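Chains, contacts and geometry: an overview
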Amino acid sequence: MNRIQQKLQENKKLLSIYFTAGYPSLNDTVSIIQDLEKSGVDMIEIGLPFSDPLADGPTIQASSTQALKNGMTTEVLFNQIKNIRKSVSIPLIIMGYFNPMLQYGVEAFCKKCSEIGIDGLIIPDLPVDVYHEQYKSIFETYGLINVFLITPQTSVERINFIDSISNGFIYMVSSASVTGSQSGFGKKQTNYFKRIAEMNLNNPQIIGFGISDYKTFTQATQYAKGAIIGSAFIKYISKYGIKTIHEFTKNIKNTNN
Amino acid sequence: MFAMTTIKNKMNYNVNEKGYYGEFGGAYIPEMLYPNVEELRQNYLKIMAEPSFKEEFNQLLKDYVGRPSPLYFAKRLSEKYNTKIYLKREDLNHTGAHKINNTIGQILMAKRLGKTRIIAETGAGQHGVATATVCALTGLECIVYMGEIDIARQAPNVARMKMLGATVVPALSGSRTLKDATNEAIRDWINNPVDTHYIIGSAIGPHPYPDMVTRFQSVISEEIKWQLKEHEGREKPDYVVACIGGGSNAAGTYYHFLHEEDVKIIAVEAAGHGIDSGESAATSVLGKEGIIHGCKTLLMQTKDGQITEPYSISAGLDYPGVGPMHAHLAKTKRAEFMSITDDDAMKAGLELCQLEGIIPAIESSHALAIFEHKKFKPNDVIVVSLSGRGDKDLNTYINYFKL
Ligand SMILES: Cc1ncc(COP(=O)(O)O)c(C=O)c1O
């Protein structure tokens, strides 16, 4: 069983953190991953930066631009994390746009991920249908879980299709927006969370986009297996540096007091 | 039987049912955009085939845009290059470029889809102006994204958009040009998935955009056929020539000749300071297969798959990709691709002013510059798309020629 599938079976709400590899400094990647695990995070999304991140808001855009300026590339990232499994055991997912993977070679990319011990991929601009027709067998060969997104606008029919070809979790985008643009969930969103929860899908859902603190984390995980925090984490380390990661996690889990 | 087989084996240059031109095209979009793009995909051909749509579209092209645009025999230019050059005068359209053909079509589409808010990206500002214009015409809200650099170099068009009631939002990321304006427009669409239609201004983007834009622009070659028949007694020129930013004026100019193998196609890209200068936008030479703005196409990028910042003196050609149709035309060698430097384009622009009394857009000047680089036969009939007029470029012309 893949580490993601194992983790999803644990009887708890999962906290997943996204960060952009190569930010704030090029070589922070490994220590960020290690500190996130030590601080009690359940799963990590390692962002492979892209020059034109269409689905991302200003915070992740800026961190991606900086990471690329710092010299991050696909090759550099793979080198940085090649021994990561000696020190880290929680699930690791690479999140990135499709073009850098296409240039690396989709099969070579998947092979490398599997050698390193990456458990899954999130590729926002690789459509479900193209994945299904062209790349599914490659992902399966290398034991990688591909995670798909659903949004408040995704039709029931399509959600069922996505559920049928998923084998980990479904990434539930909290609202119609790019990353980072929420400040709390209203009735509209909780209704959507409820509606999806009531579908009793085969794959658990993890909610992302707009989770930023204890309140939004708790709200989201009331309806889903877990939640993903990206922009808020990047803002936090931009402001307080990467030595304060445990503080950030404590705040989210409200274990400070 | 035999005839059918030949047709079957003939290369198809149009989009196929899956949204591809050969290996290029498709819809590589985040799930957030899927409902919108899918809605469009399922409806665009149906809507375009409705008699009421066709009637409204054609009426507006005639009465509002001023079509048909003339096909003008450029006598003195032809004499200079010892061949027969016709100019398809898209510069005479309302708002000054071919862009309005597409925005008229798309605004009627948006209305039929029940959309109330329109967004667009713009480089030279021509598409932004054309979008602001049709929004004023139909009373829809209009937001135009434009790179900060382009806002500076195309100031008159920014003012025009504002006068027409549009909100112009500067794109501050990346190279702050067309690519980045397009990113911002896509993000806006993700944030506003229900009421908003995105009017893409070129033959780019996820399927069905390249095909839809091409169909709206195909009026250009439809007119060329009957106009050339009047001039020359034949519908088919020997060459059709157009500049390529994303490729919409080119797609429209080629459309009805794509499968006429005796009509040669020339596509003109911006070489900027030169192909090898590191400051260029000649995608067919410098690009490699990749994904930009929702489609698989030729794309200027690093080895690592990061999109490269292009350069051209002309804002409308300053784009690191080409539409998927053109990537296919390049790959299959159906079209000959040429690249023209800033300097050659500026010279050709000034030459047209002085030989024909027409001030062209700098984009179009790139297409005119091929005559210095390629020799044609005296009897060759060459139709060049004069995609736009140069009013918007006066500042650039003034600075360049120290006028
Ligand atoms: C006058 C003119 N010609 C050409 C272009 C290039 O666009 P396309 O390649 O879509 O025709 C532009 C774009 O702004 C333009 O304004």
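What counts, and at which threshold
Residues numbered from 1 in each chain as written. Chains lettered and ligands numbered in written order. Predicted model: local features only at pLDDT ≥ 70, side-chain atom pairs only at ≥ 80, totals over all residues. Heavy atoms only, no water. Helix = DSSP H or I, 4+ residues; strand = E, 2+ residues; numbered from the N terminus. Rg over C-alpha atoms; globule rule 2.2 N^0.38 Å. Buried < 20%, exposed > 50% of the residue type's maximum accessible area, 1.4 Å probe, protein only. Contact = heavy atoms within 4.5 Å. Areas by Shrake-Rupley, 256 points an atom, 1.4 Å probe, with all protein chains shown as cover. Lys, Arg positive; Asp, Glu negative; His and termini not counted. Charge placed at Lys NZ, Arg CZ, Asp CG, Glu CD. Axes fitted to C-alpha atoms, helices over the stretch in contact; angles between N-to-C directions. Parallel < 35°, antiparallel > 145°, perpendicular 65-115°, else oblique. Left-handed = near helix turned anticlockwise from the far one by under 90°. Nonpolar A, V, L, I, M, F, W, Y, C, P; charged D, E, K, R; others polar. Salt bridge = Lys/Arg side-chain N within 4 Å of Asp/Glu carboxyl O. Phe/Tyr/Trp six-rings, centres within 6.5 Å; stacked < 30°, edge-to-face > 60°. 1 Å grid on protein atoms, 1.4 Å probe; cavity = no way out; pocket = protein on both sides within 12 Å on 5 of 7 lines; lining within 4 Å. Points joined across faces, edges and corners; volume = space filled by probe spheres on them. Near = heavy atom within 4 Å. Polar contact = N/O pair within 3.5 Å; in protein donor to acceptor, adjacent residues only side chain to side chain. Sits in = over half its atoms within 2 Å of the grid points. Buried area = accessible area lost by both parts, 1.4 Å probe.

A few points about the overall build of chain B
Within chain B one finds 17 helices and 14 strands. Taken over the C-alpha trace, chain B has a radius of gyration of 20 Å; the compact-globule value for 403 residues is 22 Å, and the two agree within 12%. The principal-axis extents of the C-alpha atoms in chain B amount to approximately 65 × 55 × 50 Å. Buried residues in chain B amount to 63% of all 403 residues. Sequence-distant contacts in chain B: of pairs separated by 6 or more residues, those separated by 24 or more amount to 74%. Of the roughly 14,700 Å² that chain B leaves accessible, carbon and sulfur atoms contribute 54%. Positive and negative charge centroids in chain B, built from 44 and 48 side chains respectively, lie 3 Å apart.

Re the packing of helix α6 (residues 126-138) of chain B against helix α8 (residues 155-163) of chain B
Residue and element names in this part refer to chain B. At a minimum axis separation of 9 Å, α6 and α8 run at an interaxial angle of 10°. For the element pair α6 / α8, the angle class is roughly parallel. Taken as a pair, α6 and α8 cross one another with a handedness that is left-handed. On α8, the residues that touch Gln126, Gly128, Val129 and Ala132 of α6 are Asn157, Arg160 and Met161. Of the residues that constitute the contact of α6 with α8, the class distribution is three nonpolar, three polar and one charged.

Notes on the pattern of salt bridges
Applying the stated criterion to the full structure yields 40 salt bridges over all chains. With its nearest N and O atoms 2.6 Å apart, the salt bridge here joins Arg158 of chain A to Glu31 of chain B. Note that Arg158 of chain A is positioned in helix α8 (residues 156-165) and Glu31 of chain B in the loop between β2 (24-25) and α2 (34-49), a pairing that runs across two chains. Arg158 of chain A gets classed as buried once you look at its relative accessible area, which sits at 7%. Relative accessible area serves as the criterion here: at 6%, Glu31 of chain B is assigned to the buried category. As a salt-bridge pair, Lys62 of chain B and Asp63 of chain B come within 3.7 Å of each other at their nearest N and O atoms. Owing to a relative accessible area of 52%, Asp63 of chain B belongs among the exposed residues under this scheme. Taken together, the shared-partner salt bridges connect Lys7, Glu10, Lys12 and Asp42 of chain A into one network.

Quick notes on the packing of aromatic side chains
All names here are of chain B. Scanning all chains against the criterion turns up 27 aromatic pairs over all chains. Summarising the aromatic geometry, the rings of Phe57 and Phe216 are spaced 5.3 Å apart at their centres and angled 50° between planes, so their arrangement reads as tilted. Placement of Phe57 in helix α3 (residues 51-65) and of Phe216 in helix α10 (residues 209-217) is noted, with a sequence separation of 159 residues between them. The buried category is assigned to Phe57, whose relative accessible area is 10%.

Considering empty space enclosed by the protein
Residue and element names in this part refer to chain B. Under the counting rule described, the total for this entry stands at four cavities of 30 Å³ or more. Together, 29 residues line the largest cavity, and His98, Lys99, Ala124, Gly316 and Glu363 are the ones closest to its centre. Listing elements by their share of the lining of the largest cavity, those giving two or more residues are β5 (117-122), α6, α9 (178-191) and α12 (248-254). Split by residue class, the lining of the largest cavity holds eight nonpolar, 17 polar and four charged.

A word on the site of the ligand
Residue and element names in this part refer to chain B. Lining the immediate environment of the ligand, one finds 18 residues, of which Ser202, Gly245, Gly247, Ser248 and Ser387 sit closest. Taking Gly246, its main chain carries an N or O atom lying 3.2 Å from an oxygen atom of the ligand. Contact with the protein chains covers 98% of the free accessible surface of the ligand, which is 390 Å². Using a 2 Å cut-off from the grid points, one finds that the ligand occupies the largest cavity. When grouped by side-chain class, the residues that make up the shell around the ligand number five nonpolar, eleven polar and two charged.

Digging into the environment of Gly180 of chain A
All names here are of chain A. Take Gly180: it is sitting in the loop between β7 (170-173) and α9 (187-197). Since its relative accessible area comes to 33%, Gly180 is described here as partly exposed. When the C-alpha atoms of Gly180 and Ser64 are compared, they prove to be 14 Å apart, with 116 residues separating the residues in sequence. Among all residues touching Gly180, those that are not within four sequence positions of it are Gly210 and Ser231.

A closer look at the interface of chain A and chain B
Contact residues are listed per partner, giving 40 residues for chain A and 34 residues for chain B. When the two sides are added together, the surface that chain A and chain B hide from each other amounts to roughly 2,800 Å², 53% of it contributed by carbon and sulfur. Considering only the surface of chain A that becomes buried against chain B, Asp52, Leu54 and Gln103 of chain A emerge as the three largest contributors, covering 23% of it. For the pair chain A and chain B, the number of links is three salt bridges. Among the salt bridges present, the one from Lys18 of chain B reaches Glu133 of chain A, with a minimum N-O distance of 3.2 Å. Our enumeration of links across chain A and chain B arrives at 19 residue pairs in polar contact (both at pLDDT 80 or more). With six residues, the single largest contributor to the side of chain A that touches chain B is helix α7 (residues 128-141) of chain A.

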